[in-house]
Amino acid sequence: MKKLFSLLLVTVLLLSAGSALAAQKVGVAMPTNSLQRWNQDGANMKAELEAAGYEVDLQYANNDVATQVSQIENMILGGVDVLVIASIDGSALGTVLQTAKDNDIEVIAYDRMLTDTPNVDYYATFDNYKVGTIQGLFLEEKLDLKNAEGPFNFELFAGSPDDSNARYFHAGAWDILKPYYEAGKIVVKSGQTDFETIAILGWGTDDAQARMDNLLTNYADGTKLDAVLSPNDSLALGITNSLQGAGYTLENFPIVTGQDCDMTNVKNIILGYQAMSVFKDTRTLAAQVVKMVDAILRGDKVPVNDTETYDNGVFVIPSFLCDPVFADKDNYKELLLDTGYYTEEQLKVE
Ligand code: BGC
């Protein structure tokens, strides 16, 4: 009888533990599935969260803010315990984040900061300023800006102004390059240097291509264009399409930077049409977020490594910053193939 009772007790305990686990659900809101990186982010996180025993509601919002808001509302209605959000417009989610708060749901901003709200708990990202620094340093080194006389002709691009990352990327790169610009060693023939003018709303490849087409009219007189600062790969693709369309060849191709190591761009690196891409291993970020979700749901201390940088306009969000590196033709095999990020087949170029 005693034995039967303890068996019953164990069963009841196991069942309640089981249902408590089953109730733990994570909502993952991603901006779009039209860019390779977000597909990888979403897929990695879903797989890792599920492997850790959580139920996952993963949604992509087609880069439409209203869609993302209603997806998050539905996640809240569906009873999620934690929200992981990669926003489209970081400042546009205030109302739905208030609803999350009212329902005691903790929120992790994923990759992009959530701004102008007190209702975000943590931020997990790559060091965005460092992404820009890496791009600036790469250009400095490739053109030997420290020693060469120049001047070198540059054109500049920045990312979407509604994405706070874009300003960090730009600041990181421009802090390296600006002294050369002020000294006249870097020349921007179009005269377009301020963030608002060089920004591409929505990070679109076609828009970047159209702007580059326009900028190239300044070079129709045969002036050599030496470099184009591009914050990421979707813009770099538009830029290199434009340059190729205008007849630039591998003999005179400007140095173009990027970020994300999207497959098409890595192929361009192999071919010589893009010089580098900052590599943000989405597996690292996803794994970090899983640790944070885990800590939140267990009531443990959530791992962060930066409590100073990311002021969202209301407070400084406790953040975990992963470390970016860059890939170029010399190290991409080691970085992207040997680690299993891509297969050789995926990077095959004709
Ligand atoms: C991300 C970049 C990405 C860009 C466009 C940024 O917020 O940090 O990795 O290239 O958005 O999607």
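Since the model is a prediction, treat every value here as computed from it, not as a measurement.

Description of the side chain of Asn119
With respect to the helices and strands, the residue Asn119 is situated in the loop between β4 (106-110) and β5 (122-126). Given a relative accessible area of 8%, Asn119 falls into the buried group. Apart from the residues lying within four places of it in its own chain, the contact partners of Asn119 are Leu97, Gln98, Lys101 and Val107.

Description of unusual backbone geometry
Residues Gly150 and Pro151 are joined by a peptide bond in cis, for which omega reads -5°. Topologically, Pro151 is positioned in the loop between α5 (128-142) and β6 (152-156). Here Asp260, not a glycine, exhibits a phi torsion of approximately 115°, which is positive. For Asp260, the location among the structural elements is in the loop between β9 (255-256) and α10 (263-271). Asp260 sits in the buried class, given a relative accessible area of 8%.

Describing the pairing of β6
The buried count for β6 comes to five of five residues, which makes it a mostly enclosed element. Neither face of β6 is left uncovered, since the one carrying Phe152, Phe154 and Leu156 and the one carrying Asn153 and Glu155 both have all their residues buried. With respect to chirality, the unit in which β6 leads through helix α6 (residues 164-182) into the neighbouring parallel strand β7 (residues 186-187) is right-handed. Sheet topology note: the β6/strand β8 (residues 227-229) ladder contains three bridges and is parallel. Across the sheet, the residue bridging to Leu156 is Leu229, located in β8.

With respect to the confidence of the model for the protein
On average, the protein scores 94 in pLDDT, and the residues at 70 or more come to 93%. The least confident element of the protein is helix α1 (residues 2-22), whose mean pLDDT is 48; the most confident is β8, at 99. In the predicted structure, residues 7-21 sits below a pLDDT of 50 and forms one contact with residues beyond four places in sequence or in another chain.

A word on the site of the ligand
The full set close to the ligand counts 13 residues, and Arg37, Asp111, Arg112, Asp163 and Asp260 are the nearest of them. Between the ligand and Arg112 there is a distance of 2.7 Å, counted from an oxygen atom to a side-chain nitrogen or oxygen. Note that an oxygen atom of the ligand is positioned 2.8 Å from one of the side-chain N or O atoms of Lys280. Isolated, the ligand exposes 310 Å² of accessible area, and the fraction of that covered by the protein chains is 99%. Of all the secondary structure elements, the ones that give two or more residues to the shell around the ligand are α2 (36-51) and α6. By residue class, the composition of the shell around the ligand is four nonpolar, three polar and six charged.

Concerning the domain arrangement of the protein
Interface size is commonly expressed as the accessible area that is lost once the parts come together. Domain boundaries in the protein define domain 1 (12-120 + 281-322) and domain 2 (128-279 + 329-337). A straight line from the C-alpha centre of domain 1 to that of domain 2 covers 31 Å. Listed by partner, the interface residues are 13 residues for domain 1 and 14 residues for domain 2. Taking both sides of the interface into account, the surface hidden between domain 1 and domain 2 amounts to around 1200 Å²; carbon and sulfur atoms contribute 42%. Where domain 1 touches domain 2, the interface holds one salt bridge. Here Arg112 and Asp163 are joined by a salt bridge, their closest N and O atoms 2.9 Å apart. Linking domain 1 with domain 2 are five residue pairs in polar contact (both at pLDDT 80 or more), by the criterion used here. Residues belonging to the side of domain 1 that touches domain 2 are distributed by class as follows: four nonpolar, four polar and five charged.

Quick notes on the packing of aromatic side chains
Under the criterion given, the structure shown has eight aromatic pairs. With 5.1 Å between their ring centres and 70° between their planes, Phe253 and Tyr273 make a pair best called edge-to-face. In this pair, Phe253 is assigned in the loop between α9 (233-245) and β9 and Tyr273 in the loop between α10 and β10 (276-279), connecting sequence segments 20 residues apart. Aromatic rings pair up to connect Tyr123, Tyr168 and Tyr310 into one cluster. In this structure, Lys189 packs its charged tip against the face of Tyr219, placed 5.7 Å from the ring centre. Positioned above the aromatic ring of Phe157 is the side chain of Arg211, whose terminal nitrogen or guanidinium carbon lies 4.5 Å from the ring centre.

Calculation criteria
- Residues numbered from 1 in each chain as written.
- Predicted model: local features only at pLDDT ≥ 70, side-chain atom pairs only at ≥ 80, totals over all residues.
- Heavy atoms only, no water.
- Helix = DSSP H or I, 4+ residues; strand = E, 2+ residues; numbered from the N terminus.
- Buried < 20%, exposed > 50% of the residue type's maximum accessible area, 1.4 Å probe, protein only.
- Contact = heavy atoms within 4.5 Å.
- Right-handed = clockwise from strand over helix to strand, strands pointing away.
- Pairing = 2+ DSSP bridges.
- pLDDT = per-residue confidence, 0-100.
- Near = heavy atom within 4 Å.
- Polar contact = N/O pair within 3.5 Å; in protein donor to acceptor, adjacent residues only side chain to side chain.
- Areas by Shrake-Rupley, 256 points an atom, 1.4 Å probe, with all protein chains shown as cover.
- Nonpolar A, V, L, I, M, F, W, Y, C, P; charged D, E, K, R; others polar.
- Domains from an automatic or database assignment.
- Buried area = accessible area lost by both parts, 1.4 Å probe.
- Salt bridge = Lys/Arg side-chain N within 4 Å of Asp/Glu carboxyl O.
- Phe/Tyr/Trp six-rings, centres within 6.5 Å; stacked < 30°, edge-to-face > 60°.
- Lys NZ or Arg CZ within 6 Å of the ring centre and 35° of its normal.

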